[in-house]
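# Secondary and tertiary structure notes
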Amino acid sequence: MCGRTACSLGADLLRRACAYRDRRGRRRQPEWVREERYRPSYNKGPQSSGPVLLSRKHLQQDADSSERVLMDMRWGLVPSWFKEDDPSKMQFKTSNCRSDTMLSKFSYKGPLLKGKRCVVLADGFYEWQQCSGGKQPYFIYFPQTKDDLAEGEGGEDGDEEWKGSRLLTMAGIFDCWEPPAGGEALYTYTIITVDASKDLSFIHHRMPAILDGEEAIRKWLDFAEVPTQEAVKLIQPTENIVFHPVSTFVNSVRNDTPECLAPIELGAKKEVKATASSKVMLGWLKNSQEASPKKKENELPRWTSQFIPSPSPKKSSAGILQQWLGKEGEPAAKKRKA
């Protein structure tokens, strides 16, 4: 599963880190929508808001579907059909969506077939291993290399290639709920989860569906060119991931400092000599901390008691997805020209 993440980049740096090439091969940076609501954090939990990438065409019908925007959304999907006046009255958990039920549960099937696919951005995510003495948290992220330099070394030109740490890109589904009595629309998302990869299975049996590489991100976001049947093939475990144990300091979502993701030595509970990947990650976070000042808490209403745990069935997702896709239809997507 995925119940806690970190995304410490400030709004401008996050935009640079998400640079991409559009359909014409032009290098672009996604524009922010409601940038003022974004707040960096080392410890994000469900019901908080976080940054996601989505196609501009969701917000502007005449836009090219390959164009991307950044948007701050609330974590925990509230389906558009929900009729109550307060999302906290929902009686089921929606922070995560199992890949083997996303095409059968109406809350996820509806928006997924409408192409409401997004990419949830993070430095990494936290997961807890059940141990005899309690639960041990780990920070999990993409491998970092020496080329992932500290922010600032790439210059101030927004067109220059990003030189900071590689962001973790997780597959998500979003929806837009409007209060029945009127008022501001609420954009929310869920993170799709899959069976854990071999290396992570000792920590937990589930992990987020991670989109590894620009091509995977493009296919997931470009709903007008890539139909659901093709997009869901991207939803699978990845082995391209690293992790290190962290202090139980992260257990409380109120703790929101770099200490949350600092590596420790199990047993001694003290800081250790970092691995190559964690050293790059921590060095980058240290140097970028001043460039990512915390903003005031966003003004979106804080819903309570929205997420009530429910048991998750343990069965493979591949067969169920293929069986469903063989029976259900969906609006025809535009085909990419050769």
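Residues numbered from 1 in each chain as written. Predicted model: local features only at pLDDT ≥ 70, side-chain atom pairs only at ≥ 80, totals over all residues. Heavy atoms only, no water.

## Here's the deal with the pattern of salt bridges
Under the counting rule described, the total for this entry stands at 18 salt bridges. Here aspartate 22 and arginine 26 are joined by a salt bridge, their closest N and O atoms 2.8 Å apart. Connected through shared salt-bridge partners, Asp22, Arg26, Arg28, Glu31, Arg56 and Glu67 make up one network. (Salt bridge = Lys/Arg side-chain N within 4 Å of Asp/Glu carboxyl O.)

## What about the sheet that holds strand β15 (residues 242–245)?
Spatially, 5 strands are ordered β5-β1-β10-β11-β15 in an open sheet, and the strand pairing comes out antiparallel. A strand with exactly one partner marks an edge of an open sheet, and here the two such strands are β5 (41–44) and β15. When strand polarity is set aside, the average angle formed by the axes of neighbouring strands in this sheet is 30°. Pairing of strand β1 (residues 4–7) with β5, which is carried by 2 bridges, proceeds in the antiparallel orientation. Paired with threonine 5 across the strands is lysine 44, a residue of β5. (Pairing = 2+ DSSP bridges. Helix = DSSP H or I, 4+ residues; strand = E, 2+ residues; numbered from the N terminus. Axes fitted to C-alpha atoms, helices over the stretch in contact; angles between N-to-C directions.)

## A few points about the confidence of the model for the chain
Confidence along the chain averages 81 in pLDDT terms, with 74% of residues attaining 70 or more. Across residues 269–273, where pLDDT falls below 50, the model places 10 contacts with residues more than four positions away in sequence or in other chains. Long-range and interchain partners of residues 292–338, a stretch whose pLDDT sits below 50, account for 95 contacts in this model, where long-range means more than four residues apart. (pLDDT = per-residue confidence, 0-100. Contact = heavy atoms within 4.5 Å.)

## As for unusual backbone geometry
One non-glycine residue, arginine 34, adopts positive backbone phi at about 60°. Within the chain, glutamine 47 stands out as a residue other than glycine whose phi angle is a positive 80°. Take glutamine 47: it is sitting in the loop between β5 and β6 (49–55).

## Thoughts on the nonpolar core
Membership of the largest hydrophobic core comes to 62 residues, with the highest contact counts inside it found for Leu14, Met102, Tyr189 and Trp220. By residue number, the principal contributor to this core is strand β12 (residues 168–177), which donates 6 residues. Core analysis: the next-biggest nonpolar cluster, separate from the first, contains 10 residues, Tyr42, Tyr126, Trp128 and Phe139 among them. (Core = buried A, V, L, I, M, F, W, Y, C linked by side-chain atoms within 4.5 Å. Buried < 20%, exposed > 50% of the residue type's maximum accessible area, 1.4 Å probe, protein only.)

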